[in-house]
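What follows is the residue order along each chain.
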Amino acid sequence: MAEEFQGSLAHVLASTQAVQQAEDDGAPPSVAGGTGRDDVGDFRQWGVVVGGVGEHEGIGARGPGGQRAVQGYRELARSTGRTIPVLVEVDTGMNRVGAAPAAVVKLAEEVSRAPGLEFRGVMTHAGHSHDASDELGIEAVGRQEAAVMGGVREDLEAAGLDVPVASAGSSITSAYLTAADGITEIRPGTYVYNDLRILGRHACTPDALAATVLATVVSTSGRRITIDAGSKTLTPTKDATYGYGHLRHRPGAVFTRLSEEHGVLDARDDLSMPSIGDKVQVLPVHVCVWMDLQAEVYGVRGGRVVERITVDAMRHSL
Ligand SMILES: Cc1ncc(COP(=O)(O)O)c(C=O)c1O
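Residues numbered from 1 in each chain as written. Predicted model: local features only at pLDDT ≥ 70, side-chain atom pairs only at ≥ 80, totals over all residues. Heavy atoms only, no water.

**Considerations on the overall build of the protein chain**
- Check the secondary structure of the protein chain and you find eight helices and 16 strands.
- Counting over 318 residues, the protein chain shows a buried share of 49%.
- Considering only contacts within the protein chain whose residues lie at least 6 apart along the sequence, 66% involve residues at least 24 apart.
- Carbon and sulfur atoms provide 50% of the accessible area of the protein chain, an area that totals close to 15200 Å². (Helix = DSSP H or I, 4+ residues; strand = E, 2+ residues; numbered from the N terminus. Buried < 20%, exposed > 50% of the residue type's maximum accessible area, 1.4 Å probe, protein only. Contact = heavy atoms within 4.5 Å. Areas by Shrake-Rupley, 256 points an atom, 1.4 Å probe, with all protein chains shown as cover.)

**A look at the site of the ligand**
- Taken together, Arg-96, His-125, His-130, Ser-170, Ser-171, Arg-187, Pro-188, Gly-189 and Thr-190 make up all the residues around the ligand.
- Between the ligand and Thr-190 there is a distance of 2.4 Å, counted from an oxygen atom to a side-chain nitrogen or oxygen.
- Contact with the protein chains hides 73% of the accessible area of the ligand, taken as 390 Å² for the molecule alone.
- The residue inventory of the shell around the ligand, partitioned by class, reads one nonpolar, six polar and two charged. (Near = heavy atom within 4 Å. Polar contact = N/O pair within 3.5 Å; in protein donor to acceptor, adjacent residues only side chain to side chain. Nonpolar A, V, L, I, M, F, W, Y, C, P; charged D, E, K, R; others polar.)

**What to know about the confidence of the model for the protein chain**
- Mean pLDDT for the protein chain: 81, with 79% of residues reaching 70 or above.
- Ranking the elements of the protein chain by mean pLDDT puts helix 1 (residues 2-5) last, at 30, and strand 10 (residues 224-227) first, at 98.
- Between residues 1-41, whose pLDDT stays under 50, and residues either more than four places distant or in other chains, the model counts 88 contacts. (pLDDT = per-residue confidence, 0-100.)

**Comments concerning unusual backbone geometry**
- In the Ramachandran plot, Thr-235 falls in the positive-phi region, its phi being about 70° despite a non-glycine side chain.
- If you trace the backbone, Thr-235 turns up in the loop between helix 7 (231-234) and strand 11 (246-247).
- Classification of Thr-235 as buried rests on a relative accessible area of 2%.
- Non-glycine residue His-249 carries a positive phi angle of around 70°.
- The topology assignment puts His-249 in the loop between strand 11 and strand 12 (254-258).

**Quick look at the pattern of salt bridges**
- One pass over the structure, following the stated rule, counts ten salt bridges.
- The closest approach of N and O atoms between Lys-232 and Glu-260, which form a salt bridge, is 3.5 Å. Note that Lys-232 is positioned in helix 7 and Glu-260 in the loop between strand 12 and strand 13 (263-266), a separation of 28 residues in sequence.
- For the salt bridge of Arg-268 with Asp-266, the shortest nitrogen-to-oxygen distance reads 2.5 Å.
- Linked through salt bridges whose partners overlap, the residues forming this network are Lys-232, Glu-260 and Glu-261. (Salt bridge = Lys/Arg side-chain N within 4 Å of Asp/Glu carboxyl O.)

**Side note on the nonpolar core**
- By size, the foremost hydrophobic cluster in this structure holds 31 residues, and its most contacted members are Val-88, Val-104, Leu-117, Val-122 and Leu-156.
- When residues no more than four places from it in sequence are discounted, the contact partners of Leu-117 are Val-70, Tyr-73, Arg-74, Ala-77, Ile-84, Val-86 and Val-111.
- Among the nonpolar cores identified, the runner-up in size contains 27 residues, and Val-213, Trp-290, Met-291 and Val-297 belong to it. (Core = buried A, V, L, I, M, F, W, Y, C linked by side-chain atoms within 4.5 Å.)

**Examining helix 5 (residues 135-158)**
- Here helix 5 contains 24 residues, and its C-alpha end-to-end distance of 34 Å stays within 8% of the 34 Å for a straight helix at 1.5 Å per residue.
- Buried residues of helix 5: Ile-138, Val-141, Gly-142, Glu-145, Ala-146, Val-148, Met-149, Gly-150, Val-152, Arg-153 and Leu-156, and no others.
- Along its buried surface, helix 5 packs onto helix 4 (104-113), strand 6 (117-123) and strand 7 (165-168).
- Positive backbone phi, approximately 90°, marks Gly-160, located one or two places after helix 5. (Expected span 1.5 Å × (residues − 1).)

**Details of the environment of Leu-234**
- Of note, Leu-234 is situated in helix 7.
- In this structure the C-alpha to C-alpha distance between Leu-234 and Leu-283, which are 49 residues apart in sequence, comes to 8.9 Å.
- If sequence neighbours within four positions are ignored, Leu-234 has contacts with Val-213, Ala-229, Tyr-244, Phe-255, Leu-258, Val-282 and Trp-290.

**Quick notes on the pairing of strand 12**
- Strand direction decides the pairing type here: strand 12 and strand 13, joined by four bridges, are antiparallel. In the strand pairing of strand 13, Phe-255 is matched with Leu-265. (Pairing = 2+ DSSP bridges.)

**Notes on the packing of helix 4 against helix 5**
- At a closest axis distance of 10 Å, the pairing of helix 4 and helix 5 adopts a crossing angle of 50°. The orientation of helix 4 relative to helix 5 falls into the category oblique. In the packing of helix 4 onto helix 5, the handedness of the crossing is right-handed. Residues Val-104, Val-105 and Ala-108 of helix 4 pack against Val-152, Asp-155 and Leu-156 of helix 5. (Axes fitted to C-alpha atoms, helices over the stretch in contact; angles between N-to-C directions. Parallel < 35°, antiparallel > 145°, perpendicular 65-115°, else oblique. Left-handed = near helix turned anticlockwise from the far one by under 90°.)

Structure follows, in structure tokens:
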């Protein structure tokens with residue numbers, strides 16, 4: 001069966017860890033949800049998220065920000081005759097979207113007063129943890145995320161609002177969040193497969209990198225290797241440590257450039273050169289973007305393809 005997948009431009013393999021995890025859990029591996037961890041919330045159950053940048057204006061995570069979002073969702077509730085559960089997004093330092101902590105109570109009160117809307121709690125994403133250069137830096141972001149969310153919960157409760165949901169935590173900050181901080185669910189995403197960014201932040205071990213692109217060597221010259229996977233497959237994301245990616249079992253080969261359909265590597269420090277036609281496995285730098293480009297991935301165990309997995313979420317994030 002493996003042969004069936006060879007020969008196309010880029011092969012996508014969700015390798016042994018994801019399949020093994022699924023087997024242990026008795027469930028098929030999947031990209032979104034179905035993670036096999038009962039402490040991982042299914043964030044999709046929440047209707048909408050509101051929260052402007054800084055104060056009440058700006059663009060919210062899923063619609064126009066702040067008060068305008070409340071008005072829009074109120075209208076949606078009225079026209080559909082449904083009650084819409086709402087989380088307010090809190091900016092815990094990423095400075096992307098979300099209300100400033102001091103503005104959350106006011107926005108939550110507007111939500112809870114709005115007919116057709118039900119205030120269910122708060123959420124945040126501390127994506128700036130990826131900017132930290134070491135574990136201490138990540139811990140500092142994670143602890144700040146927990147502290148800010150704990151403070152916001154206290155403020156909301158002091159204002160008489162129930163907070164059934166406090167949703168936070170990513171693959172690299174979840175370790176620093178606990179129920180004692182008032183967090184009710186964590187939302188790690190990348191950890192399903194992991195990638196070189198997560199490895200570089202010491203948040204996984206090399207054997208926990210479960211996704212690779214299977215590419216073919218299409219040209220060699222001196223110590224140069226060209227493979228048939230470029231920016232359309234690997235994405236142009238460049239990591240300070242790992243560049244555009246890393247070839248499994250070829251630690252001395254380094255990507256020098258990507259064009260759309262080709263990746264060029266310098267194998268100066270590699271012990272041997274591959275031949276044209278050889279398959280190489282590329283570990284991705286940022287598996288989220290990479291996965292979004294794939295219609296299917298393949299579960300592999302013992303070198304054999306054991307499962308085809310449709311990426312239902314492909315290109316559904318705009
Ligand atoms: C809103 C939100 N929640 C959760 C996550 C998951 O984060 P990670 O993939 O770092 O675990 C992301 C990732 O981009 C996100 O944007």
